[in-house]
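Chain by chain, the residues run as shown.
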Amino acid sequence: MSSQENPRRTFAIISHPDAGKTTLTEKLLLQGGAIHLAGEVKARGQARRARSDWMKIEQQRGISVTSSVMTFEKEFIGEDGPETITFNLLDTPGHEDFSEDTYRTLTAVDSAIMVIDAAKGIEPQTRKLFEVCRLRSVPIITFVNKVDREGRDPFETLDEVADMLALDVSPQMWPIGMGGLFEGILDFRTGEVARPEGGSKEYLGKRDTDPAIPENFEEEYQLAQAGYPEFDLEAYRNGDLTPVYFGSALKNFGVEELIDAIARYAPPPRPQPAGEEQISPDRDEVTGFIFKVQANMDPMHRDRIAFMRQVSGTFKRGMKLTPSGLGKPIAVHSPILFFAQDREIADTAHPGDIIGIPNHGTLRVGDTLSEKNQVRFTGLPNFAPEILRRVQLKDPTKTKQLRKALDDLSEEGVIQVFYPVIGGSSIVGVVGQLQLEVLVSRLAAEYKVEAGLEASPFATARWLKGPQEKIDEFERFNQGNLAHDRDGDTVFMAKSPWDVGYQQEKNPEITFSATKER
Ligand code: G4P
């Protein structure tokens, strides 16, 4: 069977910074044979950053602002014998200052792994990302990391996930002690215990079937099995239940079991909504949607790479696809598949794969690409910004350039832009502070526009939905708090979350939506 025909699992890892996402990513890729030395994920990032000097912030801060895609294969022994599965892991930037890209990446996956630090439990960013998964019913496997260190009682962690996220939790493994007392991990499915070995107390392949080491352990794991719901595939795939794995990415515990769980339980490429229709991966026609556009590394060229999540059909290099925003077909001559070691030119791609399409600004986030130009994918929302700033132009003769730049950058998804109904200066909105720095630096470097950002009186924005006459009436009385977004849609600019609640109460027939369908 050629690799192109393998079943696909397209997923992302969500976590709070420092929980161990990078380490786990490395270990997953190592297991899949995609990289040979741990540490290469970061090292590769650095080499790439050295080339991309347009984005100085990336270098200064030593963090990766942009998501990438990693592909690896692994043989899996399923019910019907061995099969090779292709895993597409979409990286979501894990830094505190994350952007809409992070959210949008989650629109392109079929499932997610939620990594939690055993000592810290659910942290704010994990929670935010979780909410985005819930919005799209993306099923989640939980990985409680760092059990080789002193952590919280596993029961406490399970209960926190269940309570804070309103999810059923179903433990699939149980750590035998933690920190200095750590003796291995019992896998409930196989009954095997993975054991630490050597001075580093790593997992090197040693397994046995006798979990009874510390006192009371038997009682503890039986309680863990009896006290929580059994794994239920349907509940998991609906996003109502999360199976929980315990492990240590650093010491290799739980990684094999996690890959096995993705292979075994995570959904294959799912049908995607297009209005009333669901586009099945079995459809003959090639369809997909753009979930991310990345400006290219070279500031002299306005090259961009649009990331398309393929939904259906068999894509072949050179194929003509029509972007919904353009209306006329483009030939995709040099598509890129992103492998962990290097980029490779793709000849064919299948549902669930991500294809990079170089272009000069013709492809926009949210665009559908298809052979027949009849499908429009929906459910690719914009997310309400959490930080709003007024753009102050230093040279007033550059108004036109600024407008062009803001339109371009908002198309790319770097920022959102709002033009107030009353008053001059544009307002930009972002979900993370870092995007603002990216904005200022790119305005200067690529558009020769010197601009500053000033506080704006607004805290967030809401799109209005509801009966037109109600919206018109609302608009008449709230001109000072209204703006138009890039598409010309009206947006309520709120001074505080309280303001949103107040207006919502006063105008029950209008929905003040924190997301906007594109
Ligand atoms: P992130 O991508 O989620 O931000 O986390 P990352 O993998 O970079 O891990 C953050 C820190 O936690 C790193 O230590 C890493 O070595 C450590 N870590 C990750 N997984 C485990 C684990 O299972 N057990 C233990 N004990 N530690 C773990 P650091 O010292 O901050 O970074 P580094 O110098 O090792 O790169």
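This one's a predicted model, so the numbers in the text were calculated from it and none came from an experiment.

Let's hear about the overall build of the protein chain: which residues, and what values?
Assigned secondary structure in the protein chain consists of 13 helices and 33 strands. Among the 518 residues that make up the protein chain, the fraction classed as buried is 45%. By sequence separation, contacts in the protein chain at least 24 residues apart represent 71% of the contacts at least 6 residues apart.

Let's hear about the site of the ligand: which residues, and what values?
Near the ligand you find 16 residues, and of these Gly20, Thr22, Thr23, Ser248 and Leu250 are the closest. The residue makeup of the shell around the ligand, split by class, is four nonpolar, seven polar and five charged.

How would you sum up the confidence of the model for the protein chain? Please name residues and give values.
The predicted model of the protein chain has a mean per-residue pLDDT of 84, with 87% of residues at 70 or higher. For the stretch residues 35-67, pLDDT sits under 50, and the model shows 47 contacts to residues farther than four places along the chain or on other chains. This prediction of the complex comes with two scores: 0.82 for pTM and 0.97 for ipTM.

Provide a residue-level description of the sheet that holds strand S29 (residues 460-465), including the pertinent values.
Spatially, the eight strands line up as an open sheet ordered S28-S25-S27-S26-S30-S31-S29-S32, and their pairing is antiparallel. The open sheet has two free edges, formed respectively by strand S28 (451-455) and strand S32 (511-513), since each of these has just one partner strand. When the angles between neighbouring strand axes are averaged without regard to direction, this sheet yields 40 degrees. Bridge count between strand S26 (residues 416-420) and strand S30 (residues 482-485): three bridges; the pairing is antiparallel. When the sheet's bridge partners are listed, Pro420 is paired in S30 with Ala483. The sheet contacts of helix H11 (residues 433-447) involve strand S25 (387-393), strand S27 (427-430) and S28, and relative to S28 the element is tilted by about 150 degrees.

Let's hear about the environment of Pro7: which residues, and what values?
Position of Pro7 relative to the elements: it lies in the segment before strand S1 (8-15). Since 17 C-beta atoms lie within 10 Å of it, Pro7 is described here as partly exposed. Taking the C-alpha atoms as reference, Pro7 lies 30 Å from Lys128; in sequence the two are 121 residues apart. If we skip the residues at most four places from it in the chain, Pro7 touches Glu83, Ile85 and Pro268.

A description of the sheet that holds strand S10 (residues 202-208) should follow, citing residues and the corresponding values.
Sheet architecture is open: four strands sit in the order S7-S8-S9-S10, paired in antiparallel fashion. In this open sheet, the two strands that pair with only one neighbour each are strand S7 (173-176) and S10. Along the sheet, successive strands turn relative to each other by an average axial angle of 30 degrees, direction set aside. Looking at chain direction, strand S9 (residues 193-197) and S10 are connected through four bridges and run antiparallel. Paired with Glu197 across the strands is Glu202, a residue of S10.

Reading guide: rules and limits
Residues numbered from 1 in each chain as written. Predicted model: local features only at pLDDT ≥ 70, side-chain atom pairs only at ≥ 80, totals over all residues. Helix = DSSP H or I, 4+ residues; strand = E, 2+ residues; numbered from the N terminus. Buried ≥ 20, exposed ≤ 12 C-beta atoms within 10 Å, placed from the backbone. Contact = placed C-beta atoms within 7 Å. Near = placed C-beta within 6 Å. Nonpolar A, V, L, I, M, F, W, Y, C, P; charged D, E, K, R; others polar. pLDDT = per-residue confidence, 0-100. Pairing = 2+ DSSP bridges. Axes fitted to C-alpha atoms, helices over the stretch in contact; angles between N-to-C directions.

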